[in-house]
Amino acid sequence: MGGGARFAHPRWVWTYYGGWWPEPKRAVMNTAITFVGIVGITGAVWSVSADRERRLMYPQNWIPSMLWAKEFHDPQHVSFWKEQLAKEGREWIEPIPDSMKSWWPLYRQKEQK
């Protein structure tokens, strides 16, 4: 069964998954290294993107980036947005909705004395 016998192939060709027949000695390790690299690069790009994110208009509905965007957590930005919304006759949207407060790991409830 299969495509026939293995044929001669150039040994100098390298791929992380093992070339023509994916049975390399370190397949799991190569896959883990690749996965860590992809996650690291994605995290770095996301971090730079989140730091540079700016809202020129207040969103009409809740959006996920409200969880990490500085405009929705910095008191100076929050007061600016609330003034702008009051002028427009709109309401402030909480960055962390009540439905998420019970399970969202980054939400810190203020301790009541």
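These numbers were taken from a predicted model, which means no experiment stands behind them.

### A few points about the overall build of the protein chain
So, point 1. Regarding its fold elements, the protein chain presents 2 helices and 0 strands.
So, point 2. Among the 113 residues that make up the protein chain, the fraction classed as buried is 18%.
So, point 3. A fraction of 34% describes how many contacts in the protein chain between residues 6 or more apart in sequence connect residues 24 or more apart.

### Looking at the packing of aromatic side chains
So, point 1. The full count for this structure, using the stated rule, is 6 aromatic pairs.
So, point 2. Measuring from centroid to centroid gives 5.3 Å for Tyr58 and Trp81, while their planes differ by 55°, and the two rings are tilted. With Tyr58 in the loop between helix 1 (27–52) and helix 2 (75–88) and Trp81 in helix 2, this residue pair connects regions lying 23 residues apart in the sequence.
So, point 3. Judged by relative accessible area, which is 6%, Tyr58 ranks as buried.
So, point 4. Judged by relative accessible area, which is 6%, Trp81 ranks as buried.

### Quick notes on the side chain of Glu71
So, point 1. Summarising the element assignment, Glu71 is placed in the loop between helix 1 and helix 2.
So, point 2. Here Glu71 is buried and forms no salt bridge, its nearest opposite-charge partner Arg54 lying at an N-O distance of 4.2 Å.
So, point 3. A distance of 3.4 Å separates the side chain of Glu71 from the backbone nitrogen of Arg55, its partner in a polar contact.
So, point 4. In this view, Glu71 contacts Glu53, Arg54, Arg55, His77, Val78 and Trp81; residues no more than four positions away in its chain are not counted.

### Focus on the nonpolar core
So, point 1. Listed in full, the 9 residues of the largest apolar core are Tyr58, Met66, Ala69, Phe72, Val78, Trp81, Leu85, Trp92 and Ile93.
So, point 2. If sequence neighbours within four positions are ignored, Phe72 has contacts with Arg55, Tyr58, Pro59, Met66, Val78, Trp92 and Pro95.

### A few points about a nonpolar patch on the surface
So, point 1. Side chains of Phe35, Val36 and Val39 sit close together on the surface and give an oily, nonpolar patch of about 310 Å² of accessible area.
So, point 2. Within the secondary structure, Phe35 sits in helix 1.

### Notes on helix 2
So, point 1. Here helix 2 spans 20 Å end to end across 14 residues, near enough to the 20 Å set by a 1.5 Å rise per residue.
So, point 2. Those residues of helix 2 not exposed but buried are Val78, Trp81 and Leu85. All buried residues of helix 2 lie within an arc of 65° about the axis, which places them on one face of the element. Across helix 2 from its buried face, at more than 90 degrees, point the exposed residues Gln76, Ala86 and Lys87.
So, point 3. Where helix 2 terminates, the next one or two residues include Gly89, which has phi positive at roughly 75°.

So, how was this worked out
Residues numbered from 1 in each chain as written. Predicted model: local features only at pLDDT ≥ 70, side-chain atom pairs only at ≥ 80, totals over all residues. Heavy atoms only, no water. Helix = DSSP H or I, 4+ residues; strand = E, 2+ residues; numbered from the N terminus. Buried < 20%, exposed > 50% of the residue type's maximum accessible area, 1.4 Å probe, protein only. Contact = heavy atoms within 4.5 Å. Phe/Tyr/Trp six-rings, centres within 6.5 Å; stacked < 30°, edge-to-face > 60°. Lys, Arg positive; Asp, Glu negative; His and termini not counted. Salt bridge = Lys/Arg side-chain N within 4 Å of Asp/Glu carboxyl O. Polar contact = N/O pair within 3.5 Å; in protein donor to acceptor, adjacent residues only side chain to side chain. Core = buried A, V, L, I, M, F, W, Y, C linked by side-chain atoms within 4.5 Å. Patch = residues over 30% accessible without salt bridge, like charges linked within 9 Å, V, L, I, M, F, W, Y side chains within 5 Å. Areas by Shrake-Rupley, 256 points an atom, 1.4 Å probe, with all protein chains shown as cover. Expected span 1.5 Å × (residues − 1). Arc of directions from axis to C-beta.

Structural measurements only, silent on function.
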